[in-house]
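# Examining the three-dimensional arrangement
Given next are the chains, with one letter for each unit.
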Amino acid sequence: MTLELLSSQKSFGGWHNRYRHRSSTLACDMVFAVYLPPQAGQGAKLPVLYWLSGLTCTDENFMQKAGAQRLAAELGLVIVAPDTSPRGADVPGDPDGAWDFGLGAGFYLNATEQPWAQHYQMHDYVVHELPALVEANFPVSDKRGISGHSMGGHGALVCALRNPGRYLSLSAFAPIGNPSNCPWGEKALSRFLGDDRDAWREWDACALLIAASERLPILVDQGEADSFLNSQLKPEVLRATAEAAGHPLTLRLQPDYDHSYYFIASFIDDHLRHHAAALTG
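Residues numbered from 1 in each chain as written. Predicted model: local features only at pLDDT ≥ 70, side-chain atom pairs only at ≥ 80, totals over all residues. Heavy atoms only, no water.

## Regarding the sheet that holds strand β7 (residues 169-173)
Spatially, β1-β2-β3-β5-β4-β6-β7-β8-β9 is the arrangement adopted by the nine strands of the open sheet, whose pairing is mixed. Edge positions in the sheet fall to β1 (4-11) and β9 (249-254), since each has one partner strand and no second. Within the sheet, the average angular offset between the axes of one strand and its neighbour, ignoring direction, is 20°. Relative to β7, strand β6 (residues 140-148) is paired through two bridges, and the arrangement is parallel. Following the sheet pairing, G145 is matched in β7 by S169. Along the sheet, helix α4 (residues 151-162) makes contact with β4 (46-52), β6, β7 and β8 (218-223), crossing β6 at roughly 135°. Its contacts with the sheet place helix α9 (residues 235-245) against β8 and β9, and it is angled at close to 155° to β9. (Pairing = 2+ DSSP bridges. Helix = DSSP H or I, 4+ residues; strand = E, 2+ residues; numbered from the N terminus. Axes fitted to C-alpha atoms, helices over the stretch in contact; angles between N-to-C directions. Contact = heavy atoms within 4.5 Å.)

## Structural notes on the packing of helix α3 (residues 122-137) against α4
The contact between α3 and α4 brings their axes to 11 Å, and the two run at 65°. For the pair α3 and α4, the crossing hand works out as right-handed. Contacts between α3 and α4 pair H123, V126 and V127 from the former with V158, C159 and R162 from the latter. A breakdown of the residues in the contact of α3 with α4 according to their chemical character gives four nonpolar, one polar and one charged. (Left-handed = near helix turned anticlockwise from the far one by under 90°. Nonpolar A, V, L, I, M, F, W, Y, C, P; charged D, E, K, R; others polar.)

This is the structure in structure tokens:
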């Protein structure tokens, strides 16, 4: 596949690059960002952390606001940040123009309902097409970690839990951990997948935790001042489910922190070290 370089900036001895390519999975052009630390030019194949952003975001939010490049350069971690949904004139968005569904809100699943199914195959894009593209074009290994925020935290959990052995590390910030039982999730799952709630379970981290064949340790940070804490995120449900399933989960509730990138930037170093411990040994 052809990569079109859109921009390139030097950062902590490495490079932050943005690319466009034609996605066969999503049937549209997609943009993604890659941070290549200094070690990428020294002949080694480096591990990759995939970051999935939340509602209304693009590849740019994390790369510009999280402050991850400094420690990624030190640890020798490549960071890849895809967009949050398919884009383009032919890609349907929310019919009412709402911000929490459709464009910018692909929910990292494979849609089965029309008109969404043609383009909204974000799970297969993130898990299969994008890593194949990255591993073919950059000096990276097949050692992968995955993390994300909010809707992207949901995506990270689901991608890892649905694909045992695919990732060596997993974390999330303020994830939508039980989308079958919150307004954001119910809206997205019903439109993308239809009204059969049994089909929703395949894309719900709490349901997947119960039957998981791999017990990959999970690190989750959640701000206690998050305005979405009780209505959308419900971390206590994720904690209770992990405890019942015997799944290793470290859930840290952070006093006074909200849902913003100020919160993410405050704890991103802990997450990068969590991933580096698994990815680089």
